[in-house]
Amino acid sequence: MRHMARRAALRSPVPRAHAAAPEIESYLKAVRRSRGPNAHVVLLGLQSFDTPTLHKKVEQGLAFSALLKILRLMALPMQVLADLLFIPPRTLQRRKASGRLEPDESDRLLRLSRVYGRAIELFEGNNRATLQWLQSPLPVLDGASPLSMTKTEPGAHEVERLINRLEYGVFS
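Residues numbered from 1 in each chain as written. Predicted model: local features only at pLDDT ≥ 70, side-chain atom pairs only at ≥ 80, totals over all residues. Heavy atoms only, no water.

**Examining the overall build of the protein chain**
Consideration 1: Helix and strand counts for the protein chain stand at 10 helices and zero strands.
Consideration 2: Written out in order from the N terminus, the α and β elements of the protein chain read α-α-α-α-α-α-α-α-α-α.
Consideration 3: Considering the protein chain as a whole, with its 172 residues, one finds that 47% of them fall into the buried category.
Consideration 4: Partitioning the contacts of the protein chain with sequence separation of at least 6, the portion at a separation of at least 24 is 62%.
Consideration 5: Accessible surface for the protein chain amounts to roughly 9,100 Å². Of this, 56% is attributable to carbon and sulfur atoms. (Helix = DSSP H or I, 4+ residues; strand = E, 2+ residues; numbered from the N terminus. Buried < 20%, exposed > 50% of the residue type's maximum accessible area, 1.4 Å probe, protein only. Contact = heavy atoms within 4.5 Å. Areas by Shrake-Rupley, 256 points an atom, 1.4 Å probe, with all protein chains shown as cover.)

**Some details on the packing of helix α2 (residues 22-32) against helix α7 (residues 103-122)**
Consideration 1: Relative to each other, α2 and α7 sit at 80 degrees, their axes nearing to 11 Å. What the angle tells us is that α2 and α7 run roughly perpendicular. Touching Ile-24, Tyr-27, Leu-28 and Val-31 of α2 are Tyr-116, Gly-117, Arg-118, Ile-120 and Glu-121, all from α7. (Axes fitted to C-alpha atoms, helices over the stretch in contact; angles between N-to-C directions. Parallel < 35°, antiparallel > 145°, perpendicular 65-115°, else oblique.)

**Focus on the confidence of the model for the protein chain**
Consideration 1: Put simply, the protein chain has an average pLDDT of 89, and 88% of its residues get 70 or more.
Consideration 2: For the protein chain, per-element mean pLDDT is lowest for helix α1 (residues 3-11), which scores 44, and highest for helix α9 (residues 146-149), which scores 98.
Consideration 3: For residues 1-18, every residue scores under 50 in pLDDT, and the model assigns this stretch 29 contacts once sequence neighbours within four places are set aside. (pLDDT = per-residue confidence, 0-100.)

**Regarding the nonpolar core**
Consideration 1: Among the nonpolar cores identified, the biggest contains 50 residues, and Met-74, Leu-109, Tyr-116 and Trp-133 are the most heavily contacted of them.
Consideration 2: Not counting the four nearest positions on each side in its chain, Tyr-116 is found in contact with Ile-24, Leu-43, Ile-70, Leu-73, Met-74, Asn-127, Thr-130, Leu-131 and Leu-134. (Core = buried A, V, L, I, M, F, W, Y, C linked by side-chain atoms within 4.5 Å.)

**Let's talk about unusual backbone geometry**
Consideration 1: Positive phi outside glycine occurs at Ala-75, with the angle close to 50 degrees.
Consideration 2: Within the secondary structure, Ala-75 sits in the loop between α4 (64-74) and α5 (78-84).
Consideration 3: With phi around 50 degrees, Glu-124 is a residue other than glycine that occupies positive phi space.
Consideration 4: The residue Glu-124 is located in the loop between α7 and α8 (127-135) in this model.
Consideration 5: For Glu-124, a relative accessible area of 30% gives the class partly exposed.

**Here's the deal with the packing of α4 against α7**
Consideration 1: For the pair α4 and α7, interaxial distance at closest approach is 11 Å and the crossing angle is 30 degrees. In terms of axis orientation, α4 runs roughly parallel to α7. For the pair α4 and α7, the sense of crossing is left-handed. In this structure, α4 uses Ala-66, Leu-67, Ile-70, Leu-73 and Met-74 to contact α7, whose residues at the interface are Leu-109, Leu-112, Ser-113 and Tyr-116.
Consideration 2: Of the residues contributing to the contact of α4 with α7, the split by class is eight nonpolar, one polar and no charged. (Left-handed = near helix turned anticlockwise from the far one by under 90°. Nonpolar A, V, L, I, M, F, W, Y, C, P; charged D, E, K, R; others polar.)

What follows is the structure, given as structure tokens:
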């Protein structure tokens, strides 16, 4: 049950937006329709949910537009997103010019979208509350923010475990 998230959203000083971004609505719809474990790809503007196709897309490198889409949704400065994805500024400019990310960068972007999607679910589509929580240092993460933990796969898994505990009312 997501009752803990509901209570957290109600206590949150950030007001609930009346209309979520279309990508967030599409993501929540994909989750409700049980599109599988890859529903988060909607947040990157991708249409295919099946793992083999997604694997091929990552191997080829995602389009730079996927990075721009999540940048807009998360309202992050480009440099913050580049730091989360371990992409130096000059390399980022080259990726923008080529229109495509490298496979390792694509994989990290996919990881970020996965955690972001799970947080959107936790806060029931409230993007402001989601972003506030993702950027807040948490004692349970040794003072790190959930967003900074997405830099590594083990960190992202820890954030996902935390989200699961919060959804089911397990205090951390």
